[in-house]
Amino acid sequence: MIKEKIILGVDPGTAVMGYGLLKITNNQPELMAMGILELNKYDDHYLKLRRIFERIISLVDEFLPDELAIESPFFGKNVQSMLKLGRAQGVAMAAALSRDIPIFEYAPLKIKMSITGNGRASKEQVANMLQRYLKIPDELMLPQLDATDGLAAALCHHFQSGRPQSANKYNSWKDYVNKNEKRVRK
């Protein structure tokens with residue numbers, strides 16, 4: 001019996017959003033697609049959020065993923081950037097939830113560790129390891145490393161699937177709120 005699933009990985013961003021899709025057949029991952037959504041050309045933050053939502057919906061409708069793996073926001077010093085990144089992530093999550101796709105969230109450190117064995121690996125190291133592991137030809141590699149970051153989230157999720165307790169799974173906004181009470185302000 002052939003077991004198959006499709007994972008959409010997303011690296012959310014307000015300047016560039018990266019994504020990658022993996023098809024898993026009999027536990028073997030294969031690249032389906034990867035790319036970016038350039039958002040720098042839009043001055044309006046709300047328009048950027050709309051574009052993120054629309055792109056995730058279009059990817060879901062085209063590839064019919066079974067699961068979404070998304071990078072959780074990196075906690076930096078700039079509160080304004082963090083807020084915008086969190087909104088971008090939330091919009092991507094809302095798009096998946098609107099199509100009843102379960103969400104799995106991973107910290108950047110966890111993704112890098114899963115792919116390279118080093119939680120402090122550079123984006124270039126992650127991209128190189130993905131290219132070798134998935135046997136991606138040079139001509140399919142994109143210069144924007146946001147695409148491979150999205151792909152890395154998908155592959156990380158595949159690796160972690162045998163250990164579901166290591167990922168945060170959300171089936172609805174209510175489920176998300178219940179599992180993240182400290183992150184939600186009432």
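The present account deals with the structure reproduced in this document.

Definitions and cut-offs
- Residues numbered from 1 in each chain as written.
- Predicted model: local features only at pLDDT ≥ 70, side-chain atom pairs only at ≥ 80, totals over all residues.
- Heavy atoms only, no water.
- Helix = DSSP H or I, 4+ residues; strand = E, 2+ residues; numbered from the N terminus.
- Buried < 20%, exposed > 50% of the residue type's maximum accessible area, 1.4 Å probe, protein only.
- Contact = heavy atoms within 4.5 Å.
- Salt bridge = Lys/Arg side-chain N within 4 Å of Asp/Glu carboxyl O.
- Core = buried A, V, L, I, M, F, W, Y, C linked by side-chain atoms within 4.5 Å.
- Phe/Tyr/Trp six-rings, centres within 6.5 Å; stacked < 30°, edge-to-face > 60°.
- Pairing = 2+ DSSP bridges.
- Expected span 1.5 Å × (residues − 1).
- Polar contact = N/O pair within 3.5 Å; in protein donor to acceptor, adjacent residues only side chain to side chain.

### A short note on the overall build of the protein
Now for step 1: A count of helices and strands for the protein gives 6 helices and 6 strands.
Now for step 2: Burial status across the protein gives 50% buried among its 186 residues.
Now for step 3: Of the contacts made within the protein by residues no fewer than 6 positions apart, 64% connect residues no fewer than 24 positions apart.

### Observations regarding unusual backbone geometry
Now for step 1: In this structure, Asp100 is a non-glycine residue whose phi angle is positive, near 60°.
Now for step 2: Note on Asp100: relative accessible area 68%, which makes it exposed.
Now for step 3: Located in the positive-phi region is Lys135, a residue other than glycine, with phi close to 55°.
Now for step 4: A relative accessible area of 68% places Lys135 in the exposed class.

### Some points on the pattern of salt bridges
Now for step 1: Considering all chains together, one arrives at 5 salt bridges under this definition.
Now for step 2: In this structure, Glu67 engages Lys5 in a salt bridge whose closest nitrogen and oxygen atoms are separated by 3.2 Å. Here Lys5 lies in strand β1 (residues 4–11) and Glu67 lies in strand β4 (residues 67–71), a separation of 62 residues in the sequence.
Now for step 3: With a relative accessible area of 15%, Glu67 lands in the buried category.
Now for step 4: On the accessibility criterion, Lys5 (21% relative accessible area) is partly exposed.
Now for step 5: One salt bridge in this structure joins Arg51 and Glu54, with 2.9 Å as the shortest N-O distance. Here Arg51 and its partner Glu54 are both found in helix α1 (residues 45–63), 3 residues apart, which amounts to about one turn of the helix.
Now for step 6: The class for Arg51 is partly exposed, based on a relative accessible area of 25%.
Now for step 7: On the basis of relative accessibility, which here comes to 33%, the residue Glu54 falls in the partly exposed class.
Now for step 8: Residues joined in a network through salt bridges with shared partners are Arg50, Arg51 and Glu54.

### Let's talk about the nonpolar core
Now for step 1: Counting residues in each nonpolar core, the largest one holds 28 residues, and the members touching the most others are Leu8, Val10, Leu21, Ile52, Ile56 and Leu68.
Now for step 2: If you list the elements that add at least two residues to this core, you get β1, β2 (16–25), β3 (28–38), α1, β4 and α2 (79–98).
Now for step 3: Discounting chain neighbours no more than four positions away, the residues touching Leu8 are Tyr19, Gly20, Leu21, Leu59, Val60, Pro65, Glu67, Leu68, Ala69 and Ala154.
Now for step 4: If you look at the next biggest cluster of nonpolar residues, it comprises 27 residues, including Leu31, Ile111, Leu155 and Cys156.

### Quick word on the packing of aromatic side chains
Now for step 1: For the structure shown, the criterion picks out 1 aromatic pair.
Now for step 2: The interplanar angle of 80° and the centroid separation of 5.5 Å between the aromatic rings of Tyr133 and Phe159 together place this pair among those described as edge-to-face. Taken as a pair, Tyr133 in helix α4 (residues 123–134) and Phe159 in helix α5 (residues 145–160) lie far apart in primary sequence, 26 residues in all.
Now for step 3: For Tyr133, a relative accessible area of 42% puts it in the partly exposed group.

### Digging into the pairing of β2
Now for step 1: Most of β2 sits out of view: 8 of its 10 residues are buried.
Now for step 2: In this sheet, β2 lies alongside β1 in antiparallel orientation, the contact comprising 8 bridges. By the bridge assignment, Ile6 is partnered in β2 with Lys23.
Now for step 3: Here β2 runs beside β3; their pairing, made up of 10 bridges, is antiparallel. The partner of Gly18 across the bridge, within β3, is Ile36.
Now for step 4: Counting the residues that bridge the hairpin from β2 to β3 gives 2 residues, and of these Asn26 lies at a positive phi of roughly 50°.

### Concerning α1
Now for step 1: For α1, with 19 residues, the first-to-last C-alpha span of 27 Å sits near the 27 Å given by 1.5 Å per residue.
Now for step 2: Within the sequence span of α1, burial applies to His45, Lys48, Leu49, Ile52, Ile56, Ile57, Leu59, Val60 and Phe63.
Now for step 3: Against the buried residues of α1 lie β1, β2, β3 and α2.
Now for step 4: By the N-cap criterion, in which a side-chain oxygen at the helix start approaches the backbone nitrogen of a residue two or three places on, α1 is capped by Asp44, the distance to Tyr46 being 3.0 Å.
Now for step 5: Of the residues one or two after α1, Leu64 is the one with positive phi, at around 55°.

Everything listed here is a matter of geometry and, on its own, says nothing about what the molecule does.
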